[in-house]
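# Residue-level structural notes
Each chain, written out:
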Amino acid sequence: MNPPESILHNTSDILNACELAEIGGAPSSDSSFVLVTQLSCLLLLGKYNHARHLWRRYSAEILADSEMQDSETTSSSSSSIKTGHENDLHQFRLLWNAVQPLLQSFFGQTSLLESAPDVYKSLQTCIDANLYPLFSYAL
């Protein structure tokens, strides 16, 4: 599945396709960017509880991947090439980190006024990273 250039049209259909790809088994090159696309669709549709559950399902894998990358950056023999699934996890984490303050305000954990600057700054980081499809979803 190639990521759609825009999630503004047929968002529900795109979300359904992502959910089917997610439960379809192990990630492959055909299922790259399923998680970041799925999270983007959930946020656009206002399905914040589902977005939070999606994060919880993958957070352990994302944190483990992040720790592995941190240890590889200290090693001189590391390779900076990411697989499609690793790239999806990385973009998923960037988007989650951007919207987490917004979701915390939605669930009453913080004030929206307090979290708005952090959200805008983090979304700008997503755009500046120039990673496809994340930068187009963050716009």
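For the structure itself, consult the block above.
Before going into details, it helps to say that this report is about the structure given with it. (Residues numbered from 1 in each chain as written. Predicted model: local features only at pLDDT ≥ 70, side-chain atom pairs only at ≥ 80, totals over all residues. Heavy atoms only, no water.)

Each helix and strand in the chain was counted, giving six helices and zero strands. A burial count over the chain gives 37% of its 139 residues as buried. A separation threshold of at least 6 residues defines the contact pool for the chain, and within that pool the share at least 24 residues apart is 65%. If you sum the accessible surface of the chain, you get close to 8,100 Å²; carbon and sulfur atoms cover 53% of it. (Helix = DSSP H or I, 4+ residues; strand = E, 2+ residues; numbered from the N terminus. Buried < 20%, exposed > 50% of the residue type's maximum accessible area, 1.4 Å probe, protein only. Contact = heavy atoms within 4.5 Å. Areas by Shrake-Rupley, 256 points an atom, 1.4 Å probe, with all protein chains shown as cover.)

Okay, helix 2 (residues 34-44) next. Most of helix 2 sits inside the fold, with 10 of its 11 residues counted as buried. Residues Val34, Leu35, Val36, Thr37, Gln38, Leu39, Ser40, Cys41, Leu42 and Leu43 constitute the buried set of helix 2. Note on helix 2: the residue one or two positions beyond its end, Gly46, has a positive phi of about 75 degrees.

Now for the packing of helix 1 (residues 11-23) against helix 2. For the pair helix 1 and helix 2, interaxial distance at closest approach is 9 Å and the crossing angle is 140 degrees. As the angle between them shows, helix 1 and helix 2 are arranged oblique. Handedness of the crossing formed by helix 1 with helix 2: left-handed. For the pair formed by helix 1 and helix 2, the contact residues are Thr11, Ile14, Leu15, Cys18, Glu19, Ala21 and Glu22 on the first element and Val34, Thr37, Gln38, Cys41, Leu42 and Leu44 on the second. (Axes fitted to C-alpha atoms, helices over the stretch in contact; angles between N-to-C directions. Parallel < 35°, antiparallel > 145°, perpendicular 65-115°, else oblique. Left-handed = near helix turned anticlockwise from the far one by under 90°.)

For the pair helix 2 and helix 4 (residues 84-106), interaxial distance at closest approach is 8 Å and the crossing angle is 25 degrees. Judged by the angle between their axes, helix 2 and helix 4 are roughly parallel. As helix 2 runs across helix 4, the sense of the crossing is left-handed. Between helix 2 and helix 4, the residues in contact are Val34, Leu35, Val36, Leu39, Ser40 and Leu43 and Asp88, Leu89, Gln91, Phe92, Leu95, Trp96, Val99 and Leu103, respectively. When its residues are assigned to classes, the contact of helix 2 with helix 4 shows 11 nonpolar, two polar and one charged. (Nonpolar A, V, L, I, M, F, W, Y, C, P; charged D, E, K, R; others polar.)

Everything listed here is a matter of geometry and, on its own, says nothing about what the molecule does.
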